[in-house]
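The residues making up each chain are set out below.
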Amino acid sequence: MPVWTHYFAHFVVAVIATISFGITFQMPRRHYLACGLTGAVGWMVYIFGVDLFALSPAIATLVATLPLTGCARFFAIRHKAPVTIFLLPGIFPLVPGAGIYYTAYYFLQGEQELFASKGGETFKVALALALGIALVCSLPLPLPGRVDDEHRPLQRRGGFPIRPDIFRCRTRPRANHVRPYKLRKVNFYEIQAPVTRYRRHAAARQL
């Protein structure tokens, strides 16, 4: 069997597994493909690191988590959705589930050496997973037209430019712009009329 079919099978299984976890979390259907690609990218980087570069499971997990988290942030911006929708199902192929199981199994069987060995390896993988996510999520997202000098346009909070023509009065406001509130003079008798009418009705009821 050719080598590429082996890795292609890994890719397909990773996509299906990640989408299955997304279905468990009741993810919207329009995010299925992006979620599956996120998990598959992380898993393929992990497989290449272990098979081709002979990396340890902890180092391979750390290296695989970096592009995985980057893909999750990219799809979150592209789909205008929270990053956790793509990140949580995407990391499941890298979670050391078997290591956690065997750690608990050796602990219950009383095999202290195997328990310490498997527990230490599992802890390293979990720490590498958390460290990779923290490293990528700590990177700031680029804002369009950030203010660095006086030659760039002014910015308001959120990265939207403040244009001078916004403050001008328009006869026909643009879409998504709030129409300016027009003040009008209120006659004193317009305020007093309902009060006077209420007093008259109250006096008529008492009679």
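Here, the structure is the one placed above.
The shown structure was predicted, so the numbers you read here are calculated from the model rather than taken from an experiment. (Residues numbered from 1 in each chain as written. Predicted model: local features only at pLDDT ≥ 70, side-chain atom pairs only at ≥ 80, totals over all residues. Heavy atoms only, no water.)

**Thoughts on the overall build of the protein chain**
In step 1: Within the protein chain one finds 7 helices and 0 strands.
In step 2: Taken from N to C terminus, the helices and strands of the protein chain fall in the order α-α-α-α-α-α-α.
In step 3: Here the protein chain holds 207 residues, and 24% of them are scored as buried.
In step 4: Considering only contacts in the protein chain between residues 6 or more positions apart, those separated by 24 or more positions represent 60%. (Helix = DSSP H or I, 4+ residues; strand = E, 2+ residues; numbered from the N terminus. Buried < 20%, exposed > 50% of the residue type's maximum accessible area, 1.4 Å probe, protein only. Contact = heavy atoms within 4.5 Å.)

**Focus: the nonpolar core**
In step 1: By size, the foremost hydrophobic cluster in this structure holds 20 residues, and its most contacted members are Y46, L68, F86, L87, I91 and L94.
In step 2: Within the residue set of this core, elements represented by two or more residues are α2 (32-51), α3 (57-79), α4 (84-90) and α6 (112-137).
In step 3: Once residues within four sequence positions are removed from consideration, I91 is found in contact with L68, L129 and I133. (Core = buried A, V, L, I, M, F, W, Y, C linked by side-chain atoms within 4.5 Å.)

**A few points about helix α1 (residues 3-24)**
In step 1: For α1, built from 22 residues, the straight-helix expectation of 32 Å at 1.5 Å per residue is met to within 8% by its first-to-last C-alpha distance of 32 Å.
In step 2: All buried positions along α1 are accounted for by T5, Y7, A14, V15, T18 and G22.
In step 3: Those residues of α1 that are buried are in contact with α2 and α4.
In step 4: One or two positions beyond α1, positive phi appears at Q26, with a value near 60°. (Expected span 1.5 Å × (residues − 1).)

**Describing the packing of helix α5 (residues 97-109) against α6**
Helix-helix packing: each pair is described by the crossing angle between the helix axes and the interaxial distance.
In step 1: Here α5 crosses α6 at 155°, and the two axes come no closer than 8 Å. With respect to each other, α5 and α6 are oriented roughly antiparallel. The crossing of α5 and α6 is left-handed. Contacts between α5 and α6 involve G99, I100, Y102, T103, Y106 and F107 from the former and L114, F115, K118, G119 and T122 from the latter.
In step 2: Among the residues forming the contact of α5 with α6, the class breakdown is 6 nonpolar, 4 polar and 1 charged. (Axes fitted to C-alpha atoms, helices over the stretch in contact; angles between N-to-C directions. Parallel < 35°, antiparallel > 145°, perpendicular 65-115°, else oblique. Left-handed = near helix turned anticlockwise from the far one by under 90°. Nonpolar A, V, L, I, M, F, W, Y, C, P; charged D, E, K, R; others polar.)

**Some points on the packing of aromatic side chains**
In step 1: In total, this model carries 12 aromatic pairs according to the counting rule given.
In step 2: Each residue in the set Y101, Y102, Y105 and Y106 is aromatic and connected to the rest through ring pairs, giving one cluster. (Phe/Tyr/Trp six-rings, centres within 6.5 Å; stacked < 30°, edge-to-face > 60°.)

**Looking at the side chain of T122**
In step 1: Mapping T122 onto the fold places it in helix α6.
In step 2: Judged by relative accessible area, which is 10%, T122 ranks as buried.
In step 3: At 2.8 Å, the side chain of T122 and the backbone oxygen of K118 are in polar contact.
In step 4: Not counting the four nearest positions on each side in its chain, T122 is found in contact with P96, G99, I100 and T103. (Polar contact = N/O pair within 3.5 Å; in protein donor to acceptor, adjacent residues only side chain to side chain.)

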